[in-house]
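Remarks on the overall topology
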2 protein chains.
Amino acid sequence: MKPREDRITAWFKDQRRLDPVTFPIGIGDDMAEIRLGQAASVLITTDMLLDGSHFDLRTATLEQAGYKAMAASLSDCAAMATIPLAAVVAVALPPGFGTEQLKALHAGIARAADKYDCPLVGGDITSWKGSHPFAVSVTMLSRRADNAPIRRCGAQAGDVICVTGSLGGSVYRKHLEFEPRVKEALRIAQTVTVHAMMDISDGLSTDLNRICEQRGVGAVIEAASLPISDDARRQPDPLKAALDDGEDFELLFTLAPDEGKRLLQAWEGPVAITPVGRIAEAEGMWLRTLDGQVVPLEPGGYDHLKD
Amino acid sequence: MKPREDRITAWFKDQRRLDPVTFPIGIGDDMAEIRLGQAASVLITTDMLLDGSHFDLRTATLEQAGYKAMAASLSDCAAMATIPLAAVVAVALPPGFGTEQLKALHAGIARAADKYDCPLVGGDITSWKGSHPFAVSVTMLSRRADNAPIRRCGAQAGDVICVTGSLGGSVYRKHLEFEPRVKEALRIAQTVTVHAMMDISDGLSTDLNRICEQRGVGAVIEAASLPISDDARRQPDPLKAALDDGEDFELLFTLAPDEGKRLLQAWEGPVAITPVGRIAEAEGMWLRTLDGQVVPLEPGGYDHLKD
């Protein structure tokens, strides 16, 4: 079944038809695009991260929370192969949160901002009345590279499905430390024609389903090909972890088989690109297991609004 | 004493020097400005609104919360005399918040979006783990009108200080229903040269102090001139309410006396413009009381981070 989050997003999208000249990309992609005059445009993404959901301040530092909040938005810039430009950050502070806590948070924000050349240009600081957890919202702007922004909606039957890096078990470590694939996305877009791309934030099975639904196509994933991470191998079911775990923040993209070959030949690490399956004409997702059976693959990732 | 919020903002600003070509306006104004290529630029503002602080969902509806969240950002666009362009909204949902609640919130967002021609183009929906209050973060983009964006930093000794509308007692009603002064700001900027402008979100005394500190100037406010709202008159001390109450979301601006005269002659309602005092050469703020005494005026408005 379609995640509840996606049904809500679709409802929001249907409420207003945006003028496609001013808003070439609207609700439902990793970023929206807004045209400014004849030659310029800007893309925008927003993310809300909550203590207890996206990080746990009993074990994670505020520096890590600040880094992750920025990195999650940088990953959206990567998902469309765009160039990060600037960020604003709004925070809701629990009682007792003072200057020292804000400086720790800022250190993490600045670490990501410096590394990806995406400065903090503004923000808002507010405090809870009462004892409620820390929340941080990052909104990021990016701009087009030479390529057009790569959307979720272009997958074609026969396309190779690829991912960067390795998948699963992000909860152990990677979700606080990941490197958004900004450079990799731009290199991919410069090298080949990509039909559809997004970042894996809610799990491969859930996010691939989103790409498939945009075009009414299906997919077959090869279990033998999946780049299962070392941390996924610590889980009881490593394959399921690689398919369903959220917050990998790797790139998921589809392209014509010839282009896939060209990309793999031209690609030089350090981040791996792995073909993991094919886009199929018929709707539905399938998994070819290690013993060669083809079984249905359900979107099993994270649904932020599950009933 | 300087509000703690302002000290933190100053610290954030000092951490990184932004490239002034790409970022003509950075941290510390109502919006930041980001240049895109030769001819285009975009401005950005972000605000976090919390249940229990900025509205109370025991008495306010989600529709009102959605409207207020958008209107607060629209007021930032007005504060710089810029044209609203698009908004993104991120929300943190308490347990039990479902489709109906999101639709009510959306109705309020859409009411403001439609009225001010500033569509919702994207967002993020996430849920608290555990029982925590609703939070909503709006980030808004605007673009330059024919005028340059009006900043907080241009006040000059001798300037007339003006406000739109009436002040104080916003908590009774206006803070949920206010009309951001987008049109009025643009008309003012088209009519005269304004030296400094912002919107009154934390109270006249606190926000005027911010304008003064930017240039090391002072101010004298005339109690007899203050447009005290009907709701401020319901308070024990109406004058204090007009000086210190937050969330009026009126415009506060300074301009040369001749320009002030020209503006008042040219201005046609329905929103009033009232001269309330003068910018002085010496630092510090003063109030001329109704009996003609001149007494010190402290920034007595809302400090989001008060110790």
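Residues numbered from 1 in each chain as written. Chains lettered and ligands numbered in written order. Predicted model: local features only at pLDDT ≥ 70, side-chain atom pairs only at ≥ 80, totals over all residues.

Structural notes on the overall build of chain A
On a plain count of helices and strands, chain A comes out with 8 helices and 12 strands. Taking 19 Å as the expected radius of gyration for a compact globule of 307 residues, we find that chain A reaches 19 Å, a close match to that expectation. With respect to the principal axes defined by its C-alpha atoms, chain A has extents near 55 × 55 × 40 Å. By the burial criterion, 54% of the 307 residues in chain A qualify as buried. Considering only contacts in chain A between residues 6 or more positions apart, those separated by 24 or more positions represent 82%. (Helix = DSSP H or I, 4+ residues; strand = E, 2+ residues; numbered from the N terminus. Rg over C-alpha atoms; globule rule 2.2 N^0.38 Å. Buried ≥ 20, exposed ≤ 12 C-beta atoms within 10 Å, placed from the backbone. Contact = placed C-beta atoms within 7 Å.)

Some details on the packing of helix α2 (residues 62-79) of chain B against helix α3 (residues 99-115) of chain B
All names here are of chain B. Put simply, α2 and α3 touch, their axes get as near as 7 Å, and they point 35° apart. In the packing of α2 onto α3, the handedness of the crossing is right-handed. Along its contact with α2, which presents Leu62, Glu63, Gln64, Ala65, Gly66, Tyr67, Met70, Ala71 and Leu74, the element α3 presents Gln101, Ala104, Leu105, His106, Ala107, Gly108, Ile109, Arg111, Ala112 and Ala113. Of the residues that constitute the contact of α2 with α3, the class distribution is 12 nonpolar, 5 polar and 2 charged. (Axes fitted to C-alpha atoms, helices over the stretch in contact; angles between N-to-C directions. Left-handed = near helix turned anticlockwise from the far one by under 90°. Nonpolar A, V, L, I, M, F, W, Y, C, P; charged D, E, K, R; others polar.)

Points about the pairing of strand β5 (residues 135-144) of chain A
All names here are of chain A. Burial analysis of β5 places 8 of its 10 residues in the buried class, which makes it a mostly covered element. As defined by bridge partners, strand β2 (residues 40-50) adjoins β5 across 8 bridges and the pair is classed as antiparallel. Looking at the pairing, aspartate 47 lines up with valine 138 of β5. With 10 bridges connecting them, strand β3 (residues 82-93) and β5 associate as antiparallel partners. Bridging across to β5, isoleucine 83 finds its partner in arginine 143. (Pairing = 2+ DSSP bridges.)

Section: α2 of chain B
Residue and element names in this part refer to chain B. With 18 residues, α2 extends 26 Å from end C-alpha to end C-alpha; this agrees with the ideal 26 Å at 1.5 Å per step. The buried count for α2 comes to 17 of 18 residues, which makes it a mostly enclosed element. Downstream of α2 by one or two residues, alanine 81 has phi in the positive range, about 55°. (Expected span 1.5 Å × (residues − 1).)

Notes on the nonpolar core
Among the nonpolar cores identified, the biggest contains 192 residues, and Ala87 and Met197 of chain A are the most heavily contacted of them. Excluding residues that lie within four positions of it along the chain, alanine 87 of chain A makes contacts with Met70, Ser73, Ala113, Cys118, Leu120, Val121, Val138, Thr139 and Met140 of chain A. (Core = buried A, V, L, I, M, F, W, Y, C linked by C-beta atoms within 7 Å.)

A look at the sheet that holds strand β11 (residues 284-288) of chain A
Residues and elements named next belong to chain A. Pairing in this open sheet of 7 strands is mixed, and the strands run β7-β9-β6-β10-β8-β11-β12 from one edge to the other. One side of each edge strand has no neighbouring strand; the edge strands of this open sheet are β7 (196-199) and β12 (294-296). In this sheet, adjacent strand axes meet at a mean angle of 25° when their direction is disregarded. Inspection of the sheet shows strand β6 (residues 160-164) paired to strand β9 (residues 251-255) by 4 bridges, in the antiparallel sense. Its bridge partner being in β9, valine 160 is matched across the sheet by leucine 255. Of the strands in this sheet, β7 and β9 touch helix α2 (residues 62-79), which is tilted by about 175° from β7.

Comments concerning the interface of chain A and chain B
With 54 residues of chain A at the interface, the matching set in chain B holds 54 residues. Within the residue set of the side of chain A that touches chain B, elements represented by two or more residues are α1 (4-15), β1 (32-36), β2, β3, α3 (99-115), β4 (120-127) and β5 of chain A.

Regarding the relation of the copies chain A and chain B
When chain A is brought onto chain B, the operation consists of a screw motion whose angular component is 180° and whose axial shift is 0.0 Å, with 0.0 Å RMSD remaining. Both chain copies can therefore be described as sitting about a two-fold axis. An overlap of 100% is found between the interface residues of chain A and their copies at the interface of chain B, pointing to a shared contact surface. (Least-squares fit on C-alpha atoms with pLDDT ≥ 70 in both.)

Topic: the sheet that holds β5 of chain A
All names here are of chain A. Strands sit in the order β1-β2-β5-β3-β4 across an open sheet of 5 strands; the sheet is mixed. Whereas interior strands pair on both sides, the edge strands pair on one side only; in this sheet they are β1 and β4. The mean angle between the axes of side-by-side strands here comes to 20°, regardless of whether they run parallel or antiparallel. Strand contacts of α2: β2, β3 and β5, with the helix running at about 35° to β5, the strand carrying the most contacts.

A short note on the domain arrangement of chain A
Residue and element names in this part refer to chain A. Split by domain assignment, chain A resolves into domain 1 (17-144) and domain 2 (160-296). A straight line from the C-alpha centre of domain 1 to that of domain 2 covers 24 Å. Tallying the contact residues gives 17 residues for domain 1 and 15 residues for domain 2. Tallied by class, the residues present in the side of domain 1 that touches domain 2 amount to 12 nonpolar, 2 polar and 3 charged. (Domains from an automatic or database assignment.)

What about the pairing of β6 of chain A?
The element β6 of chain A is largely enclosed, with a buried count of 5 among its 5 residues. Of the two faces of β6 of chain A, the one carrying Val160, Cys162 and Thr164 of chain A and the one carrying Ile161 and Val163 of chain A are both buried.

Comments concerning helix α6 (residues 204-215) of chain A
Residue and element names in this part refer to chain A. With 12 residues, α6 extends 17 Å between its outermost C-alpha atoms, agreeing within 8% with the 16 Å of an ideal straight helix rising 1.5 Å per residue. Of all 12 residues making up α6, 9 are buried, and the element is well covered by its neighbours. Buried residues of α6: Leu204, Ser205, Thr206, Asp207, Leu208, Asn209, Arg210, Ile211 and Cys212, and no others. Backbone geometry just downstream of α6 places glycine 216 in the positive-phi region, at approximately 65°.

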